[in-house]
Amino acid sequence: MTRWLPRTYLTLIYILLYVPIVVLVVFSFNESRTGYAWGGLSLRWYEALFNNRAMVNAMWNSLWLALSAATVSTVIGALTALALHRYQFRGKKLLNGMLFVVMMSPEIVLAISLLALFLLVGLQLGYVSLLLAHVTFCLPFVVITVMARLSGFDESLPEAARDLGASDFTMTRTVLIPVIMPALLAGWLLGFTLSLDDVVVSTFVSGPSYEILPLRIYSMVRVGLKPEVNALGTLLLVFSLVMLMLSQWILIRSKR
Amino acid sequence: MKQTLLSLSNLSKQFGGKTVLDGLDLEIYDGEFITLLGPSGCGKTTLLRLMAGFEHPDEGSITLAGEDLTHTAPENRPLNTVFQHYALFPHMSVFDNVAYGLKMEKRPKDEIRQRVDEALAMVQLQDFARRKPHQLSGGQQQRVAIARAVVKRPRLLLLDEPLSALDYKLRRTMQVELKRLQRELGITFVFVTHDQEEALSMSDRVVVLKDGLVQQLGTPREVYERPANLFTARFVGETNFFPGTVESVHDGSITVDVFGLKRTLRRPDFAVREGQPLNVLLRPEDIRVLDPADEQGVAGKIVERNYKGSTLDSVIHLDDGTEVLASEFFDEDDPAFDYRLGEPVKVSWVDGWEWLLPGETATEEELSADA
């Protein structure tokens, strides 16, 4: 009894976690139109997906947005983390705390306040407003990831580089950035993922000129579940798995 | 004539209101091995960081061969540092670590290759050039750090407790190796340590520091045999202090009363007068343990004995409670030479082996610096 109970419990949890995903993948290859019955193997929903111009367009928009939001927030976040780590200044604690406020506050609050801000300054809702919003909520995650790496950083490394003749800039380029590279990559990937699947904030700050994938799917699902969505979900799953493996591979390589 | 290479004058440095260096003057000669010795917090590491350029003094100046370096950035100083925890770049191979300084000088590739190979051969690591630092042992990492610092052929090499992370045996090997390197390269070494044994065995001159001030500057022999004050005497090696009183002053000698013994001693450099209290300093190896029946000496008993291989170290409590450390060599004629705990003995010393200091009493602070 004591032996099978934990095993069953664990198996149930994993079934609960993975069955929906497996169902999604399997049904993306379903010939049948209804989502409940198996009608044979087919790639027709993938074909339909790629023929849906609006969908493909939204996918490219989302990828481009995630790429730019992750990159911008990694650059700003890394510099912020370095400043917080390296210098003592007034209001440092406050600045640090404010990052957590952004991270912990409900998304809906952030969404409403960003929308209010954009309307106030008269910014047209579209790519730029989405980018600004996504950078805002990605930033604290990047800063915290990079700060964690910096806290274990040997302070004599920059000094050794300076001692051997490197200017502050050269030291940063040849020693500091390579050493914190794994954290930069991890922060970038985190930002990329957060941006790619954000719905709440995006709903508020996107405009008709720039449709992104999560919102497109959301509006599609509202009028009824189409099997195309299964195909799309499977593609996104494969994409995330590849990204995950890539990041792990980079981390392992950098440790060697 | 010894030539001054690095001249520190009137250096002061405070951190958050705490004075770490207090108007320190020091001349470092070209080609010497000089050690900064002192307890933690004495300012030795700060002094090294000022020389390297990682900190800047509040007051005073640093001059290297006539050139003012006080406010020069570290990358523009013709001296290099070996860090306490090596500070090897973890993402670079051993070769790239050593080549780093030369790449900064924009040397041609062939020259870099040749000089790095030479430097690695010098520290016997030529077969490890492709390894990453974490694939090396502590001693090997230490040698890479040294190769990386000397490959630039600096005028001066600063070493910040470079051996403190190594185990005892490896430390001894590295001490010998560092001395050899210093002789071969002819570079001036400034070595920081809190280990007095290391300081004595390696240095041409030792600077004893306390509270940001130089307590004594001299050869290891001078510092050990003729300490300038009680702090140096306590910090460098084991010391017995016998309180004495001047009985009478003669031309070249004085008569001192120590535990009721009247001993005629060499007259010290400082002024003495009758009735003045004195400290008679005796190293454990200066002490002679005599038979209790002997006429000379102060009575006591053995409370501890430690067999050290080449010496027998014992602790003797005198009748008034004073603790005396004695270290005696084994006698070839008496291989069974030993003491019983509690055995009554008398304690004396060889005439002329004592060192006299004015009779200030040791402060609590000086006693704790001993530990």
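So, here is what we can say about the structure in this document. (Residues numbered from 1 in each chain as written. Chains lettered and ligands numbered in written order. Predicted model: local features only at pLDDT ≥ 70, side-chain atom pairs only at ≥ 80, totals over all residues. Heavy atoms only, no water.)

### Quick notes on the overall build of chain A
Here's step 1: Regarding its fold elements, chain A presents eleven helices and zero strands.
Here's step 2: Each helix (α) and strand (β) of chain A, taken in turn from the N terminus, gives the series α-α-α-α-α-α-α-α-α-α-α.
Here's step 3: Dimensions along the principal axes, computed over C-alpha positions, put chain A at roughly 70 × 60 × 35 Å.
Here's step 4: When the 256 residues of chain A are sorted by exposure, 39% land in the buried category.
Here's step 5: Within the structure as shown, chain A displays about 15200 Å² of accessible surface, and the carbon and sulfur contribution to it stands at 71%.
Here's step 6: Between the centroid of the 18 positive side chains of chain A and the centroid of its 12 negative side chains there is a distance of 4 Å. (Helix = DSSP H or I, 4+ residues; strand = E, 2+ residues; numbered from the N terminus. Buried < 20%, exposed > 50% of the residue type's maximum accessible area, 1.4 Å probe, protein only. Areas by Shrake-Rupley, 256 points an atom, 1.4 Å probe, with all protein chains shown as cover. Lys, Arg positive; Asp, Glu negative; His and termini not counted. Charge placed at Lys NZ, Arg CZ, Asp CG, Glu CD.)

### Remarks on helix H8 (residues 168-196) of chain A
Here's step 1: Along its 29 residues, H8(A) runs just 36 Å from first to last C-alpha, ending more than 12% under the 42 Å computed at 1.5 Å per residue.
Here's step 2: Met181(A) marks the point of greatest bend in H8(A), at about 55°, and the proline Pro182(A) comes within the next four residues. (Expected span 1.5 Å × (residues − 1). Bend = angle between axes of the 7 residues up to and from the residue.)

### Remarks on the sheet that holds strand E17 (residues 311-318) of chain B
Residues and elements named next belong to chain B.
Here's step 1: Spatial ordering of the open sheet is given by E15-E19-E16-E17-E18, a layout of five strands whose pairing is antiparallel. Strands at the two margins of the open sheet, each flanked by one partner only, are strand E15 (287-290) and strand E18 (323-329). Averaged over all adjacent pairs, the angle separating strand axes in this sheet is 45°, with direction ignored. (Pairing = 2+ DSSP bridges. Axes fitted to C-alpha atoms, helices over the stretch in contact; angles between N-to-C directions.)

### Here's the deal with the nonpolar core
Here's step 1: In terms of nonpolar packing, the biggest core is built from 56 residues, with Leu8(B), Leu36(B), Leu47(B), Met51(B), Phe89(B), Tyr100(B) and Val190(B) touching the most fellow members.
Here's step 2: The leading source of residues in this core is H8(A), at seven residues.
Here's step 3: Those residues in contact with Val190(B) that lie beyond four places of it in its chain are Ile28(B), Ile34(B), Leu36(B), Leu48(B), Met51(B), Leu156(B), Leu157(B), Leu158(B) and Leu159(B).
Here's step 4: Ala147(B), Met174(B), Leu178(B) and Phe191(B) belong to the second largest nonpolar core, which has 37 residues in total. (Core = buried A, V, L, I, M, F, W, Y, C linked by side-chain atoms within 4.5 Å. Contact = heavy atoms within 4.5 Å.)

### Here's the deal with the interface of chain B and chain A
Here's step 1: Counting from both sides, the interface comprises 24 residues of chain B and, opposite them, 21 residues of chain A.
Here's step 2: Where chain B abuts chain A, roughly 1700 Å² becomes buried across the two surfaces, and 59% of that area is made up of carbon and sulfur atoms.
Here's step 3: In this structure, the salt-bridge partner of Arg49(B) is Glu159(A), at a minimum N-O distance of 2.6 Å.
Here's step 4: Counting every contact that joins chain B to chain A gives seven residue pairs in polar contact (both at pLDDT 80 or more).
Here's step 5: Looking at the side of chain B that touches chain A, the elements that each hand over two or more residues are helix H1 (44-52), strand E6 (79-82) and helix H2 (94-104) of chain B. (Buried area = accessible area lost by both parts, 1.4 Å probe. Salt bridge = Lys/Arg side-chain N within 4 Å of Asp/Glu carboxyl O. Polar contact = N/O pair within 3.5 Å; in protein donor to acceptor, adjacent residues only side chain to side chain.)

### What about the pattern of salt bridges?
Here's step 1: In this structure the tally under the stated criterion is 28 salt bridges over all chains.
Here's step 2: Here Asp168(A) and Arg162(A) are joined by a salt bridge, their closest N and O atoms 3.6 Å apart.
Here's step 3: Between Glu198(B) and Arg171(B) there is a salt bridge whose closest N-O contact spans 3.7 Å. On the criterion of sequence distance, the pair formed by Glu198(B) in helix H6 (residues 196-202) and Arg171(B) in helix H5 (residues 168-185) is long-range, its members being 27 residues apart.
Here's step 4: Beyond isolated ion pairs, a larger network of salt bridges with shared partners links Glu105(B), Arg107(B), Glu111(B), Arg115(B) and Lys152(B).

### Quick look at the side chain of Thr311(B)
Residues and elements named next belong to chain B.
Here's step 1: Looking at the secondary structure, you find Thr-311 in strand E17.
Here's step 2: There is a polar contact of 3.2 Å between the side chain of Thr-311 and the side chain of Asp-313.
Here's step 3: Residues in contact with Thr-311, not counting those within four places in the same chain, are Asn-306, Ser-327, Glu-328, Phe-329 and Phe-330.

### With respect to H2(B)
Here's step 1: Of all eleven residues in H2(B), nine are buried, a share of seventy percent or more.
Here's step 2: Val94(B), Phe95(B), Asn97(B), Val98(B), Ala99(B), Tyr100(B), Gly101(B), Leu102(B) and Met104(B) are the residues of H2(B) that are buried.
Here's step 3: Buried residues belonging to H2(B) abut helix H7 (156-163) and H8 of chain A together with helix H3 (109-122) and helix H4 (138-150) of chain B.
Here's step 4: Directly beyond the C-terminal end of H2(B), a positive phi value near 55° is found at Lys106(B).

### Regarding the packing of aromatic side chains
All names here are of chain A.
Here's step 1: Within the structure shown, the criterion is met by twelve aromatic pairs over all chains.
Here's step 2: Here Tyr-127 and Tyr-210 contribute two aromatic rings whose centre-to-centre distance is 5.2 Å and whose plane-to-plane angle is 55°, an arrangement assigned as tilted. Of this pair, Tyr-127 sits in helix H6 (residues 127-151) while Tyr-210 sits in the loop between helix H9 (200-205) and helix H10 (213-222), and the two are 83 residues apart along the sequence.
Here's step 3: Under the relative-accessibility criterion, Tyr-210 is labelled buried at 11%. (Phe/Tyr/Trp six-rings, centres within 6.5 Å; stacked < 30°, edge-to-face > 60°.)

### Quick notes on the pairing of strand E7 (residues 156-160) of chain B
All names here are of chain B.
Here's step 1: The buried fraction of E7 is high, at five of five residues.
Here's step 2: Side chains Leu-156, Leu-158 and Asp-160 project from E7 onto one buried face, and the interleaved Leu-157 and Leu-159 project onto a second face that is buried too.
Here's step 3: Bridge count for E6 against E7 is four bridges, and the pairing is parallel. Its bridge partner being in E7, Thr-81 is matched across the sheet by Leu-158.
Here's step 4: With five bridges connecting them, E7 and strand E8 (residues 188-193) associate as parallel partners. For Asp-160, the partnering residue across the bridge sits in E8 and is Val-192.
Here's step 5: Handedness of the crossover joining E7 and E8 through H5 is recorded here as right-handed. (Right-handed = clockwise from strand over helix to strand, strands pointing away.)

### A closer look at unusual backbone geometry
Peptide bonds are mostly trans, and most non-glycine residues show a negative phi.
Residue and element names in this part refer to chain B.
Here's step 1: A positive phi is found at Asn-10, a non-glycine position, where the angle reads about 55°.
Here's step 2: Mapped onto the elements, Asn-10 comes out in strand E1 (residues 4-15).
Here's step 3: Positive phi, normally seen in glycine, also occurs at Ala-87, with a value near 50°.
Here's step 4: The class of Ala-87 is buried, set by a relative accessible area of 1%.

### Observations concerning the sheet that holds strand E4 (residues 59-64) of chain B
Across a sheet, strands are paired by hydrogen bonds formed along the backbone, either parallel or antiparallel in direction.
Residue and element names in this part refer to chain B.
Here's step 1: Strand order across the open sheet formed by four strands is E2-E1-E4-E5, with antiparallel pairing between neighbours. Both outer strands of the open sheet, strand E2 (18-29) and strand E5 (67-68), are each paired with one neighbouring strand and no more.
Here's step 2: Across eight bridges, E1 lies against E2 in antiparallel orientation. Residue pairing for E2: Lys-13 is matched across the bridge by Leu-21.

### Remarks on the packing of helix H2 (residues 44-51) of chain A against helix H3 (residues 53-86) of chain A
When two helices pack together, you describe them by how their axes are tilted relative to each other and by the distance separating the axes.
Residues and elements named next belong to chain A.
Here's step 1: Direction vectors running N to C along H2 and H3 enclose 75°, while the axes themselves pass 5 Å from each other. The orientation of H2 relative to H3 falls into the category roughly perpendicular. On H3, the residues that touch Leu-49, Phe-50 and Asn-51 of H2 are Arg-53, Met-55, Val-56 and Met-59.
Here's step 2: Considering only residue class, the contact of H2 with H3 consists of five nonpolar, one polar and one charged. (Parallel < 35°, antiparallel > 145°, perpendicular 65-115°, else oblique. Nonpolar A, V, L, I, M, F, W, Y, C, P; charged D, E, K, R; others polar.)

Remember, this is a structural readout, not a statement about activity or role.
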